[in-house]
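So the chains spell out like this:
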Amino acid sequence: MTPTTTRAADGVRPPGGTTPGKATPGARPAPAAGRRQGRRETLAGYLFLTPWCVGILLLTLGPMLVSLYLAFTDYNLFDSPRWIGFKNFQDLFADDRWWTSVQVTLKYVLIGTPLKLAAALAVALLLVKPRKGQGFYRSAFYAPSLIGASVSIGVVWRAIFNDNAIVDKSMSLFGWDVGGWIGDPDWALPTLVTLTVWQFGAPMVIFLAGLKQVPSELYEAAEMDGAGRWRRFRSITLPMISPVLFFNLLLELIHSFQVFTSAVVIAGSGTNTGGPGDSLLVYGWYLYEQGFRNLRMGYAAAMAWMLMLGIGLVTAVLFKTQRGWVHYEEDAR
Amino acid sequence: MSGFVAAVGRWRVRSVIWHVGALAVLAVILYPVVWVIGGSFKPGDQIVGSLQLLPTDPITDNYRRLSDGIADVPISTFFTNSLLLAVGSVIGVLFSCSLAAYAFARIRFAGRNALFTLMISTLLLPFQVLIIPQYILFQKLDLINTYVPLLLGKYLAADAFFVFLMVQFMRGLPRELDEAARLDGCGHLRIYWNIVLPLCRPALITSAIFTFIWSWNDFIGPLLYLNEPDKYTVSMGLKLFIDQDSVADYGGMVAMSMVALLPVLLFFLAFQRYLVEGAATSGLKG
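Bear in mind the structure is a predicted one, so any value in this text is a computation, not a measurement.

Parameters at a glance
Residues numbered from 1 in each chain as written. Chains lettered and ligands numbered in written order. Predicted model: local features only at pLDDT ≥ 70, side-chain atom pairs only at ≥ 80, totals over all residues. Heavy atoms only, no water. Helix = DSSP H or I, 4+ residues; strand = E, 2+ residues; numbered from the N terminus. Rg over C-alpha atoms; globule rule 2.2 N^0.38 Å. Contact = heavy atoms within 4.5 Å. Areas by Shrake-Rupley, 256 points an atom, 1.4 Å probe, with all protein chains shown as cover. Lys, Arg positive; Asp, Glu negative; His and termini not counted. Charge placed at Lys NZ, Arg CZ, Asp CG, Glu CD. UniProt positions renumbered as here; feature names shortened; annotations may be inferred. Buried area = accessible area lost by both parts, 1.4 Å probe. Salt bridge = Lys/Arg side-chain N within 4 Å of Asp/Glu carboxyl O. Polar contact = N/O pair within 3.5 Å; in protein donor to acceptor, adjacent residues only side chain to side chain. Domains from an automatic or database assignment. Buried < 20%, exposed > 50% of the residue type's maximum accessible area, 1.4 Å probe, protein only. Arc of directions from axis to C-beta. Nonpolar A, V, L, I, M, F, W, Y, C, P; charged D, E, K, R; others polar. Patch = residues over 30% accessible without salt bridge, like charges linked within 9 Å, V, L, I, M, F, W, Y side chains within 5 Å. Phe/Tyr/Trp six-rings, centres within 6.5 Å; stacked < 30°, edge-to-face > 60°.

(A) The arrangement of the overall build of chain B in detail. If you tally the helices and strands in chain B, you get 13 helices and zero strands. Of the regular secondary structure in chain B, the N- to C-terminal order runs α-α-α-α-α-α-α-α-α-α-α-α-α. Its C-alpha atoms give chain B a radius of gyration of 24 Å, more than 25% over the compact-globule value 19 Å for 286 residues. Projected onto the principal axes, the alpha-carbon positions of chain B cover approximately 80 × 70 × 30 Å. If you take every contact in chain B between residues at least 6 apart in sequence, the share linking residues at least 24 apart comes to 72%. Put simply, chain B shows about 12,800 Å² of open surface, and 65% of that area lies on carbon and sulfur atoms. When the 20 positive and 18 negative side-chain charges of chain B are each reduced to one mean point, those points stand 16 Å apart.

(B) Just the UniProt feature "transmembrane region" (unreviewed entry) in chain B, in detail. All names here are of chain B. Within this numbering scheme, the UniProt entry marks residues 16–37, 83–104, 116–138, 150–170, 191–216 and 250–271 as carrying the feature "transmembrane region" (unreviewed entry). Taken end to end, residues 116–138 comprises 74% helix and 0% strand; its first and last C-alpha atoms sit 27 Å apart. Between the first and last C-alpha atoms of residues 150–170 the distance is 28 Å; the span itself is 81% helix and 0% strand.

(C) The interface of chain A and chain B, seen in detail. At the junction of the two partners, chain A supplies 100 residues and chain B supplies 95 residues. Both sides of the chain A and chain B interface together cover about 8,800 Å² of buried area, and 75% of this is carbon and sulfur. The largest per-residue losses of area from chain A upon contact with chain B belong to F48, W52 and L59 of chain A, which jointly make up 9% of the total buried on that side. At the surface where chain A touches chain B, the tally comes to one salt bridge. One salt bridge in this structure joins E41 of chain A and R182 of chain B, with 3.1 Å as the shortest N-O distance. One can count 15 residue pairs in polar contact (both at pLDDT 80 or more) joining chain A with chain B.

(D) Quick peek at the domain arrangement of chain A. Residues and elements named next belong to chain A. According to the domain assignment, chain A consists of domain 1 (43–83) and domain 2 (89–327). The C-alpha-based centres of domain 1 and domain 2 are spaced at 30 Å. Facing eleven residues of domain 1, the contacting portion of domain 2 comprises nine residues. Three residues stand out in domain 1 for area buried against domain 2, namely M64, A71 and Y75, and they jointly supply 43% of the buried area on that side. Between domain 1 and domain 2 we count zero salt bridges in total.

(E) Just the pattern of salt bridges, in detail. Residues and elements named next belong to chain A. Evaluated as defined, the whole model comprises nine salt bridges over all chains. Between R97 and D278 there is a salt bridge whose closest N-O contact spans 2.8 Å. Pair noted here: R97 is in helix α3 (residues 96–127) and D278 is in the loop between α11 (261–267) and α12 (283–293), with a separation of 181 residues, a long-range link. Of the residues examined, D278 reaches a relative accessible area of 18% and is grouped as buried. Several salt bridges converge on common partners, so that one network encompasses R97, D278 and E289.

(F) Structural context of helix α2 (residues 87–94) of chain A. Residues and elements named next belong to chain A. Of all the residues in α2, the buried ones are N88, F89 and L92. Projected down its long axis, α2 carries its buried residues within an arc of 95°, all on one side. Counted as exposed and oriented over 90 degrees from the buried face of α2: Q90 and A94.

(G) Structural view of the domain arrangement of chain B. Residue and element names in this part refer to chain B. Taken domain by domain, chain B comprises domain 1 (1–58) and domain 2 (71–283). Taking only C-alpha atoms into account, the centre of domain 1 sits 34 Å from that of domain 2. The interface is formed by nine residues belonging to domain 1 together with eight residues belonging to domain 2. Here domain 1 meets domain 2 over a buried area of about 620 Å², counting both sides, of which 90% is carbon and sulfur. Our count for the domain 1 to domain 2 interface comes out at zero salt bridges. For the pair domain 1 and domain 2, the interface holds zero residue pairs in polar contact (both at pLDDT 80 or more). Across the side of domain 1 that touches domain 2, the residue classes break down as six nonpolar, three polar and no charged.

(H) Quick peek at a positive patch on the surface. A cluster of basic side chains, namely R35, R36, R39 and R40 of chain A, defines a positive patch on the protein surface. Locating R40 of chain A in the fold gives a position in helix α1 (residues 31–70).

(I) Fine view of the packing of aromatic side chains. In the structure shown here, the tally under the stated rule is 44 aromatic pairs over all chains. The interplanar angle of 45° and the centroid separation of 5.9 Å between the aromatic rings of F141 of chain A and F200 of chain A together place this pair among those described as tilted. Residue F141 of chain A is found in helix α4 (residues 134–147), and its partner F200 of chain A is found in the loop between α7 (188–198) and α8 (201–211); the two are separated by 59 residues along the sequence. There is no split in this pair, since F141 of chain A and F200 of chain A are both buried. Arranged with centres 5.4 Å apart and planes meeting at 40°, the rings of F162 of chain B and W214 of chain B form a pair that is tilted. Here the residue F162 of chain B occupies a position in helix α7 (residues 160–171), and W214 of chain B occupies one in helix α10 (residues 201–217), the gap between them amounting to 52 residues. Among the residues examined, F162 of chain B registers a relative accessible area of 1% and is labelled buried.

(J) Focus on helix α12 (residues 234–243) of chain B. Counting buried residues in α12 of chain B gives nine out of ten residues, a clear majority hidden from the surface. Of all the residues in α12 of chain B, the buried ones are V234, S235, M236, G237, L238, K239, L240, F241 and I242 of chain B.

(K) Quick look at a nonpolar patch on the surface. Taken together, L173 and F174 of chain A together with L51 of chain B make up a surface patch of nonpolar side chains, about 390 Å² in accessible area. For L173 of chain A, a relative accessible area of 65% corresponds to the exposed category.

(L) Local environment of the UniProt feature "transmembrane region" (unreviewed entry) in chain A. All names here are of chain A. As recorded in UniProt, the sites labelled "transmembrane region" (unreviewed entry) are residues 43–72, 108–128, 140–161, 187–211, 232–251 and 297–319. Between the C-alpha atoms that bound residues 43–72 there is a distance of 39 Å. The span itself is 93% helix and 0% strand. Secondary structure content for residues 108–128 is 95% helix and 0% strand, while the C-alpha to C-alpha distance between its ends is 29 Å.

(M) Up close: unusual backbone geometry. Residues and elements named next belong to chain A. Located in the positive-phi region is L77, a residue other than glycine, with phi close to 85°. Looking at where L77 falls in the secondary structure, it is placed in the loop between β1 (73–74) and β2 (82–83). One non-glycine residue, D278, adopts positive backbone phi at about 55°.

Structure representation (structure tokens):
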């Protein structure tokens, strides 16, 4: 299957090329053999990548092309797709519920992500100094990230934030009467946002790893210069962890745009999909509803591409602004 | 001397304050988990609305009722189905992702960098773009209501996250190992199987546990592809409960939530070190 070689020390050779002076004398192959070696390596590479290559063609790139095509068609899964040009996109812009889903999702992303990252960073700062039981805390705070997107936790959230349930009642004990959470169009989305903030453990763990790499000499020097706590955080911690912050921000944004399970479960998937007054009509659910309930596959494909465009735009903006606020160590030198 | 005592005292007080604070935050964070455990042992009418976290007289009725099954399907069926899918996913991910990772991390071949970039960029791709054509594909192949759509991607290294995780790990292994093995006449297949894979155990364990948990929690996959209750997973069994618009059986629903969470919680307790470290390394060195 794989090319075996008796020639020595050739594993690091770039394909086709020879690296003069580097190979051990006597074991150094002639240029022709080197080229053959390169071809062999390439063959081996693709053999190992076969499952991945099949996967990316069959399950990713192929479907992307198909969905791009479908976005310009009217297709119900049974009749053959009918080309309708940009009509799906025109319909989207005229579709009130689509706008609702865009707004709900944007609110969820723009409020939930900063809160989640702030919570993650705050707890990471709390846990960064070595203390007794640190490993225990770290793991316990991480746990919600694993279960947060499950149906079970959606059910729990629904029960805890139900009108007249625990959260509602405890809040009114403190004199803050919201008057229902998931039944109230104004408070249903905040309920969903708390669920995403609750899962701050995954970015927290990444923040912790980043914080541990900040050299302590920097803090010592700053302290000698009389910099206070806040000053040290702003001038040392934040710039030093900005690559990690960037990574977390990117990942969480992309992730949040695709929210599905928790929104569906909290909204209740009976007749009341989308929650009270469609206040929980997240983008992913509306897409599912149009595609798989109403069998408007072309329309749903157009929705998917608008989402892709949105995420691409956000990613591009982040990467563009990154020069301004993300500091990589190489730049400093 | 008294200064020393005072310093130790101050350190102690600070430490106590720190722990009290951390435990308070933890209590809020873990409240929902304790709530679902407590709720599953309460009678149905005391679950929502009661401010009491733990039951006064714990009952097991909720679980007993579950054992009668949901929609004429015994609960063990959902459990077996979920387990089958999770184990099948783990095998697939370990096999396909480690092969791809070995190629990206240890073989120099033409086009490697471009393909690696392509692989990483699939991390950014929203799944919504793919589900419609994928559904159509599986429908044309007559594979709806089978487990093939839920498993195929795992055997074709579609989870870029795990490929990335393993690449990161494999890059950390010393190159001299490969070179020594090559001198002994080993090919890539043997280096992969006999040297790299055994050394990658931590990364493989992390990937296996993540795969298990994500597969167990998966909702949209089964929702799209399964339409007969006896093929349903635990998540879908739970969905049968929430579909009844006015929930009559709150006790059963909470017990079912608990049953769905239990394997994940147990896995977490057993392997938390790997999970936390695996999550941390995914953010660094990138």
